[in-house]
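The lines below spell out each chain.
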Amino acid sequence: MPEYLTRTLTGMFMLVLLTLLFFFGTNIAFNITIYTISLVAYLEWLRLTSKSITFFFPFFVLLIFLHYFLIINLTIFSYICIMLWLLLSIYLFFFKKFLQYFIKKYSLLIGTLIISSFFTFLINFYPSSNTIIIDNELIDNKLYFLTLILMVTSVDVYAYICGKVIGKNKIGSDISPNKTFEGYIGSLILTFFTFYIISTHLNFNWTLLDLIIMLIFILMAFFGDLFMSFIKRTYKKKDTGSILPGHGGILDRLDSYFSALPVFFVWFLS
């Protein structure tokens, strides 16, 4: 079966599951989904970096702690995550050799931080002014989930299409052999105007600050994608897994979310 057809069928299957979860999912169903995705992603990370499976259970305990016991200011945490991702982006483009060394030496710590922060953001997906409030219900904020998924999906899909159609200048074989500057530029423009038109139609009052944050959101989504590609190149792997035919593993689908989620929190939920 051609790759594009496999990717399309898998994408449609995931869309059906998300649709069912969106319309019929309960709070428990949302929480179970977030736990499952985070745990599978961590399992893939352990396999990708050749770490022992014994680290899986301590990570599960960490997620429970983050869910029920940790008191944290999510706005401050979002800014910290954004700064760390920006720092990683600098090293990716200017200090690749050192970053490869750092990744191999501290892969367990890096994977734990990235996936646990992803979990923390999603499990507390509601407007927060100060600290985590456990009593808030995920089901009351489905619109935020939908907005996030649509935005990141648009970034990924437009980058893939533009890269296939007009992509010529490769970003770099040591980062990602198939990604092009034209693909990302086309995705930036199309995603920007797509959501500007949609949100304007829905009477969202845009300000200059919103436009700037959206630009940062898209760029961060790009970097998450590039960073995961760099990780795979570092470990000489094509995909992080095979659970999603045509797409690879869960990590291959979450890469843009890891880096874009903190910006989304600052934008909509802080």
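Structure first, text after, so check above.
Remember, predicted model here, so these are calculated numbers, not experimental data. (Residues numbered from 1 in each chain as written. Predicted model: local features only at pLDDT ≥ 70, side-chain atom pairs only at ≥ 80, totals over all residues. Heavy atoms only, no water.)

Student: I'd like a rundown of the packing of helix α9 (residues 208–234) against helix α10 (residues 250–269), residues and numbers included.
Tutor: Running from N to C, α9 and α10 cross one another at 150°; their axes reach a closest spacing of 8 Å. With respect to α10, the element α9 is oriented roughly antiparallel. Once α9 is placed against α10, the crossing between them reads as right-handed. Contact residues: D210, I213, M214, I216, F217, M220, A221, F223, G224, D225, M228 and K232 in α9; L251, D252, D255, S256, F258, S259, A260, V263, F264 and W267 in α10. Taken together, the residues of the contact of α9 with α10 sort by class into 14 nonpolar, three polar and five charged. (Axes fitted to C-alpha atoms, helices over the stretch in contact; angles between N-to-C directions. Helix = DSSP H or I, 4+ residues; strand = E, 2+ residues; numbered from the N terminus. Parallel < 35°, antiparallel > 145°, perpendicular 65-115°, else oblique. Left-handed = near helix turned anticlockwise from the far one by under 90°. Contact = heavy atoms within 4.5 Å. Nonpolar A, V, L, I, M, F, W, Y, C, P; charged D, E, K, R; others polar.)

Student: For the nonpolar core, give the residues involved together with the corresponding values.
Tutor: Across soluble globular proteins, nonpolar side chains show a tendency to be buried alongside one another. Grouped together as the largest cluster of nonpolar side chains are 70 residues, with contacts concentrated most on F125, L148, F217 and F258. What L148 contacts, discounting residues up to four positions off in sequence, is L122, F125, F217, Y257, L261 and F264. (Core = buried A, V, L, I, M, F, W, Y, C linked by side-chain atoms within 4.5 Å. Buried < 20%, exposed > 50% of the residue type's maximum accessible area, 1.4 Å probe, protein only.)

Student: Pulling in residues and values, what's your account of helix α4 (residues 74–94)?
Tutor: Across its 21 residues, α4 extends 30 Å between first and last C-alpha, which sits within 8% of the 30 Å expected from 1.5 Å per residue. All of the buried residues along α4 are L74, T75, F77, S78, C81, I82, W85, S89 and L92. The buried residues of α4 occupy one face: seen down the axis, they fall within an arc of 150°. For α4, the exposed residues lying more than 90 degrees away from the buried face are M83 and F94. Turning to α4, the residues buried within the fold contact α5 (96–105), α6 (107–123), α9 and α10. Where α4 begins, the side chain of N73 points an oxygen toward the backbone nitrogen of T75, at a separation of 3.0 Å. (Expected span 1.5 Å × (residues − 1). Arc of directions from axis to C-beta. Polar contact = N/O pair within 3.5 Å; in protein donor to acceptor, adjacent residues only side chain to side chain.)

Student: Please give an account of the environment of L48 that cites residues and values.
Tutor: Turning to its location among the elements, L48 is positioned in helix α2 (residues 27–48). Classification of L48 by relative accessible area gives buried; the value is 2%. Once the C-alpha coordinates of L48 and L251 are considered, the two residues, 203 residues apart in sequence, prove to be 10.0 Å apart. Apart from the residues lying within four places of it in its own chain, the contact partners of L48 are I231, Y235, K237 and T240.

Student: Explain the environment of K142 to me, and be specific about the residues and the numbers.
Tutor: Take K142: it is sitting in helix α7 (residues 142–166). For K142, a relative accessible area of 13% puts it in the buried group. Spatially, the C-alpha atom of K142 lies 8.8 Å from that of F125, the residues being 17 residues apart in sequence.

Student: Account for unusual backbone geometry, naming residues and giving values.
Tutor: A positive phi is found at S50, a non-glycine position, where the angle reads about 60°. In this structure, S50 sits in the loop between α2 and α3 (56–68). For S50, a relative accessible area of 63% puts it in the exposed group.

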